[in-house]
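Geometric and topological summary
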Amino acid sequence: MKLKGTRSTFYLFAAMVISSLVIGSYCKTQFVPVPAADATSTAESKLKYAPVDVEMKLKKVGEHSWYVQGKAGIATDNAGFISNAGVIITNEGVVIFDALGTPSLAHTLVQKIKEITDKPIVKVVVSHYHADHIYGLQVFKELGAEIIAPEGVYEYIDSDAASSRLEERQFSLEPWVNENTKIIVPDRILDKAEKFTVGDVSFSIEVIGSAHSDGDLTLLVDNDRVLYTGDIIFEGRIPFLGSNQTKHWLKTLQNMESLKIQALVPGHGPTAERPLESITFTREYLAFLRNNMGDAIEEMIDFDDIYKQIDWSDYKKLPAFEEANRRNAFQVYLSMEAEGS
Ligand SMILES: [Zn+2]
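Note that the coordinates shown come from a computational prediction; the quantities given were computed from them, not determined experimentally.

**Things to note about the overall build of the chain**
For the chain, the helix and strand inventory stands at 12 helices and 12 strands. Considering the chain as a whole, with its 341 residues, one finds that 39% of them fall into the buried category.

Written out as structure tokens, the structure reads:
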């Protein structure tokens, strides 16, 4: 009896253990949310190059020169497609100007390029490091292209603003900007003008210094007289002066006016209808600020007073006047004070 009783207790105990294991595993499948198979497919759905549903068309602006035009809007509109990218096709390789605002957009651009040439993408020239122009860089880097950028970009790359902006875009432009998106550092930094040739096409890079950002450059396709300017030329609106070396910016614009260009592709929006006028407009605006702020500093008038005294009527009617003008004027005031000291 004793033995039997012990045996039945054992069977009862064993039954309890087994049933608790069954119930336990049942509970696990019910309440543990991500089984292994699902985790893999979630990661895969966040692929580096999630497809984008935006219209992207290569437009020809010179014999070798093309561009795609981002749509008007804020940075997170149109799947982030708000900035332009240039594409120059030579008989030996393709040169890209600016890398668009997400890896997905850059990947789409690569597919578009493949429709018209089988040449490899060999270089990417970056006008400046701002999120809407650089998040596509990793796509070109993976294809083996050399990334060239102006001096000053490390001010951005090393800044807290750059990492918090990426975090914000991983949220606001998800899934096109995601945890696989990274800021690619350039292979080469230029601190002065440089010429180079790829196949049958020659190029001139002009380094502007700190203008719209901490470092800006432009690219001229010599053969086609097509100028890619990034964000330093604005047509029909008040420019945004992101930094303070307006003296050098002004000089560069003066040189640009003599380039005899056929087409000007800005960083945003359509090609300038009258390239020379766009350059002249930006130059005159900068000159106007510098003349007025220079006089004020000489006469020791403080900024608030001079800002009120200036007749802004030529600019007041233009878009972005309210948002940008006072800030621009103040930047110039400060930078000219520093130039004089
Ligand atoms: Zn931009």
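On we go.
**Some thoughts on the sheet that holds strand β5 (residues 121-125)**
Taken in spatial order, the seven strands make up an open sheet running β1-β2-β3-β4-β5-β6-β7, and their pairing is mixed. In this open sheet, the two strands that pair with only one neighbour each are β1 (59-60) and β7 (188-190). As judged from the four bridges shared by strand β3 (residues 85-89) and strand β4 (residues 94-97), these two strands associate in the antiparallel manner. Of the residues in β4, the one forming a bridge with Gly86 is Phe97.

**So, helix α12 (residues 321-340)**
With 20 residues, α12 ought to run about 28 Å at 1.5 Å a step, and its terminal C-alpha atoms sit 27 Å apart, in line with that. Of the residues making up α12, those classed as buried are Asn325, Asn328, Ala329, Val332, Tyr333, Ser335 and Met336. Considering only its buried residues, α12 is in contact with α8 (246-256), α9 (275-298), α10 (303-309) and α11 (313-316).

**Thoughts on the confidence of the model for the chain**
Scored by pLDDT, the chain has a mean of 86; 85% of the residues are at 70 or more. Confidence drops under pLDDT 50 across residues 1-6; counting only partners more than four residues distant or on other chains, this segment forms zero contacts. Throughout residues 12-46 the model reports pLDDT below 50, and contacts reaching past four residues in sequence, or to other chains, amount to three contacts.

**Section: the environment of Ala162**
Looking at the element boundaries, Ala162 is found in helix α7 (residues 160-172). Not counting residues up to four positions away in its chain, the partners in contact with Ala162 are Tyr156, Ile157 and Ile183.

**Comments concerning the environment of Asp98**
Within the secondary structure layout, Asp98 lies in the loop between β4 and α3 (103-116). C-alpha separation for the pair Asp98 and Asp132, spaced 34 residues apart in sequence, amounts to 9.2 Å. Once residues within four sequence positions are removed from consideration, Asp98 is found in contact with Ser83, Asn84, Ala85, Gly86, Val126, Ser127, His133, Gly230 and Gly267.

**Details of the sheet that holds strand β11 (residues 226-230)**
Sheet strands associate in pairs through backbone hydrogen bonding, adopting either a parallel or an antiparallel arrangement. Here we have five strands laid out as an open sheet, ordered β8-β9-β10-β11-β12, and mixed in their pairing. Two strands bound the open sheet, and with one partner strand each, they are β8 (194-198) and β12 (263-266). Neighbour-to-neighbour, the strand axes of this sheet turn through a mean angle of 20°, independent of strand direction. As paired elements, β11 and β12 share four bridges and run parallel to each other. By the bridge assignment for β12, Val226 is matched with Ala263.

**Observations concerning the nonpolar core**
Counting 75 residues, the largest nonpolar core has Ala85, Ile96, Ala99, Val124, Val126 and Phe140 as its most contacted members. Per element, the largest residue contribution to this core is eight residues, and it comes from α9. Once you skip the residues sitting within four places of it in the chain, Ala99 turns out to touch Ala85, Ala106, Val124, Val126, His133, Ile134, Gly136, Leu137 and Phe140.

**A closer look at the environment of Gln138**
Mapped onto the elements, Gln138 comes out in helix α5 (residues 137-142). On the neighbour-count criterion, Gln138 (21 C-beta atoms within 10 Å) is buried. Counting along the chain gives 31 residues from Gln138 to His107, while the straight-line C-alpha distance between them is 9.6 Å. The contact partners of Gln138, leaving out residues within four places of it in the chain, are Pro103, Lys182 and Ile184.

**Digging into the packing of α9 against α12**
Each pair of packed helices can be described by the angle between their axes along with the distance between the axes. Here α9 crosses α12 at 55°, and the two axes come no closer than 9 Å. One way to sum up the angle between α9 and α12 is to call them oblique. When the axes of α9 and α12 are compared, the crossing they make is right-handed. The segment α9 lies against α12, with Leu289, Arg290, Met293, Gly294, Ala296 and Ile297 engaging Asn328, Ala329, Val332, Tyr333, Met336, Glu337 and Gly340. When grouped by side-chain class, the residues that make up the contact of α9 with α12 number eight nonpolar, three polar and two charged.

**Digging into unusual backbone geometry**
In this model, Glu174 is joined to Pro175 through a cis peptide bond whose omega is 10°. Looking at the secondary structure, you find Pro175 in the loop between α7 and β7. Even without glycine at this site, Asn78 takes up a positive phi of about 50°. Residue position: Asn78 is located in the loop between β2 (65-68) and β3. Judged by the 19 C-beta atoms lying within 10 Å of it, Asn78 falls in the partly exposed class. Notably, Ala79 is not glycine yet its phi reads approximately 55°, a positive angle. You can see Ala79 is positioned in the loop between β2 and β3.

Parameters and conventions
Position numbers for residues start from 1 in each chain and track the written sequence from start to end. Under the rules for a predicted model, residues below a pLDDT of 70 receive no local features and side-chain atom pairs below 80 are neither given nor counted, while totals for whole chains, interfaces and linings still include all residues. Per the convention used, a helix needs a DSSP run of H or I reaching at least four residues, while a strand needs a run of E reaching at least two, with both numbered from the N terminus. Our exposure labels follow a C-beta count within 10 Å of each residue's own C-beta, placed from the backbone: buried means 20 or more other C-beta atoms, exposed means 12 or fewer, and partly exposed covers the counts in between. Two strands make a pair as long as DSSP finds a minimum of two bridges between them. To estimate the expected span of a helix, subtract one from its residue number and multiply by 1.5 Å. Any pair of residues counts as being in contact when their C-beta atoms, constructed from backbone geometry, are within 7 Å of one another. For every residue, the predictor assigns a confidence score, pLDDT, that lies between 0 and 100. Only the stretch in contact is used when fitting a helix axis, every axis being a line fitted to C-alpha atoms; angles between N-to-C directions are given from 0 to 180 degrees. For this analysis, nonpolar core means a set of buried Ala, Val, Leu, Ile, Met, Phe, Trp, Tyr and Cys residues linked through C-beta atoms within 7 Å. With respect to orientation, any angle under 35 degrees is reported as roughly parallel, any angle over 145 as roughly antiparallel, any angle of 65 to 115 as roughly perpendicular, and every other angle as oblique. Crossing handedness follows the turn of the near helix against the far one: under a right angle anticlockwise gives a left-handed crossing, and clockwise gives a right-handed one. In the scheme used here, Gly and all other residues not listed as nonpolar or charged are polar, with Ala, Val, Leu, Ile, Met, Phe, Trp, Tyr, Cys and Pro taken as nonpolar and Asp, Glu, Lys and Arg as charged.

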